[in-house]
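Architecture at a glance
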Amino acid sequence: MESTPSVDIAQLNERIKAESAFIDTLRAEMHKVIVGQRRVIDRLIIGLLADGHILLEGVPGIAKTLMIRTLADCIDVQFKRIQFTPDLLPADIVGTMVFNQKTGEFYPSKGPIFANFVLADEINRAPAKVQSALLEAMQERQVTLGDTTYKLPEPFMVMATQNPIEQQGTYPLPEAQVDRFLMKVLVDYPRREEEREIMRLHTRFRPPKASKVVEPQQILRAREVVRDVYVDEKIENYILDIVFATRYPEQFGLDELKPLIAWGASPRATMFLRTCAQAHAFLEHRGYVTPEDVRAIALDVLRHRVIVTYEAEAEEKTSEDVVKAILARVEVP
């Protein structure tokens, strides 16, 4: 009984190695512009492969926007940037119906959401009505203007940024809306040697620019292949244990976390953990998921889905601290 899966996995490994070869080319092209930040770049690619949307959070000036723009430059797709401001309207994102005086008819004027890659820059600077217009398009992959519903192009991906240190004039995303993002990725400062290289690279007369090295069809095909990456039942149980430990920590010997968790992760977390683990294995040119694939992306998938209590905030405990404690205690298969 054990021999059949191993043969299938061996064949699958060869297929994944061939299908994922373009990943190294994509990474190399991005690193022509972006110094370091390998983890964040990989998370953007995972979001692309898992057909999800990414929320990047970090202080200003650490290349969040540049990373997203560079990824778009590497892939032959249409890219639009929306700078979110307090006076933005939903129509500024999705578009509206415009009256043509000559014909006496209304015609659709499509907004910037009709692109393959959409950068929602500083998403928390716009009010909830605007945020919800964007997030509805993210969820439904379609926009209705007048009486007609228009499908958004494929591949379609929203990459949003937000600044955690400026709260004046911002409208924090509600938890239910944040939950629609596949991952929330924290972007940190570069290391000293990386910053030296950044200083030298981007103070040239002509800073480097990435070239198009990937076709959209490669991405769409890779998404299908990612779903074929093998996930053993033990790995599925491990994913379920992690998610259920955010809801019922006492069942996993984590009684000390019970008063710190207001709400555990939603079922989206379970689905996204599996898909992201498969995409992570694909990035490593492997045809099967290991526990390390799950652990590698667990924080990014769960940090915005675990809501802590006021008691946790009083103790200066974050959702990230809770997830780390769970990963440290839940038994690894």
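What comes next is a walk through the structure.

Basis of the calculations
- Residues numbered from 1 in each chain as written.
- Predicted model: local features only at pLDDT ≥ 70, side-chain atom pairs only at ≥ 80, totals over all residues.
- Heavy atoms only, no water.
- Helix = DSSP H or I, 4+ residues; strand = E, 2+ residues; numbered from the N terminus.
- Expected span 1.5 Å × (residues − 1).
- Buried < 20%, exposed > 50% of the residue type's maximum accessible area, 1.4 Å probe, protein only.
- Patch = residues over 30% accessible without salt bridge, like charges linked within 9 Å, V, L, I, M, F, W, Y side chains within 5 Å.
- Areas by Shrake-Rupley, 256 points an atom, 1.4 Å probe, with all protein chains shown as cover.
- Salt bridge = Lys/Arg side-chain N within 4 Å of Asp/Glu carboxyl O.
- Axes fitted to C-alpha atoms, helices over the stretch in contact; angles between N-to-C directions.
- Left-handed = near helix turned anticlockwise from the far one by under 90°.
- Contact = heavy atoms within 4.5 Å.
- Nonpolar A, V, L, I, M, F, W, Y, C, P; charged D, E, K, R; others polar.
- Pairing = 2+ DSSP bridges.
- Parallel < 35°, antiparallel > 145°, perpendicular 65-115°, else oblique.
- Core = buried A, V, L, I, M, F, W, Y, C linked by side-chain atoms within 4.5 Å.
- Polar contact = N/O pair within 3.5 Å; in protein donor to acceptor, adjacent residues only side chain to side chain.

1. Focus: helix 6 (residues 128-140)
- Here helix 6 spans 18 Å end to end across 13 residues, near enough to the 18 Å set by a 1.5 Å rise per residue.
- What helix 6 keeps buried is the set V130, Q131, A133, L134, L135, A137 and M138.
- Of the residues trailing helix 6, R141 is marked for its positive phi of about 60°.

2. Focus: a nonpolar patch on the surface
- Together, L240, F244 and Y248 make up an exposed nonpolar region whose accessible area comes to about 240 Å².
- Among the residues examined, F244 registers a relative accessible area of 33% and is labelled partly exposed.

3. Some remarks on the pattern of salt bridges
- Per the stated rule, a full pass over the model turns up 27 salt bridges.
- Here R27 makes a salt bridge to D42, at a shortest N to O gap of 2.9 Å. Taken together, the residues R27 in helix 2 (residues 21-30) and D42 in helix 3 (residues 38-49) connect sequence positions 15 residues apart.
- Its relative accessible area of 7% is what places R27 among the buried residues.
- The salt bridge partner of K209 is D73, with a shortest N-O separation of 3.2 Å. One end of the pair, K209, is in the loop between helix 8 (192-201) and helix 9 (216-226); the other, D73, is in helix 4 (residues 64-74), and 136 residues separate them in sequence.

4. Quick word on the environment of T203
- Within the secondary structure, T203 sits in the loop between helix 8 and helix 9.
- As for T203 and C74, which are separated by 129 residues in sequence, their C-alpha atoms are 22 Å apart.

5. Structural notes on the packing of helix 3 against helix 11 (residues 267-283)
- Closest axis-to-axis distance for the helix 3/helix 11 pair is 9 Å, and the angle between their directions is 115°. As helix 3 packs across helix 11, the resulting crossing turns out to be right-handed. Between helix 3 and helix 11, the residues in contact are D42, I45, I46 and L49 and C276, A279, H280, F282 and L283, respectively.
- Partitioning the contact of helix 3 with helix 11 into residue classes produces seven nonpolar, one polar and one charged.

6. Section: the sheet that holds strand 5 (residues 117-121)
- Spatially, five strands are ordered 2-5-8-1-9 in an open sheet, and the strand pairing comes out parallel. The sheet is open, and its two borders are formed by strand 2 (79-83) and strand 9 (183-186), each paired with just one other strand. The average angle at which neighbouring strand axes cross in this sheet is 20°, direction not considered.
- Pairing between strand 1 (residues 54-57) and strand 8 (residues 157-162): four bridges, direction parallel. Across the sheet, residue L56 finds its bridge partner in strand 8, namely T161.

7. Quick look at the packing of helix 3 against helix 4
- Interhelical geometry of helix 3 versus helix 4 gives an angle of 50° and a closest axis separation of 11 Å. Classed by the angle they form, the pair helix 3 and helix 4 counts as oblique. Relative to helix 4, the crossing made by helix 3 is right-handed. Between helix 3, through V40, I41 and L44, and helix 4, the contact on the second element is made entirely by M67, I68 and L71.
- Here the residues of the contact of helix 3 with helix 4 sort into six nonpolar, no polar and no charged.

8. What to know about the nonpolar core
- Core analysis: the biggest nonpolar cluster contains 78 residues, and L49, I54, I75, F117, L273, F282 and V294 have the highest contact counts within it.
- Ignoring sequence-local partners within four residues, the contact set of L273 consists of I239, V243, V294, I297, A298, V301 and L302.
- Counting 28 residues, the second-largest nonpolar core is a separate cluster that includes A115, A120, V143 and Y150.

9. As for the side chain of H53
- Among the secondary structure elements, H53 is positioned in the loop between helix 3 and strand 1.
- A polar contact is formed between the side chain of H53 and the side chain of R141, at a distance of 3.4 Å.
- For H53, the contacting residues outside a window of four places in its chain are M138, R141, F156, M157, V158, R180, F181, L182 and M183.

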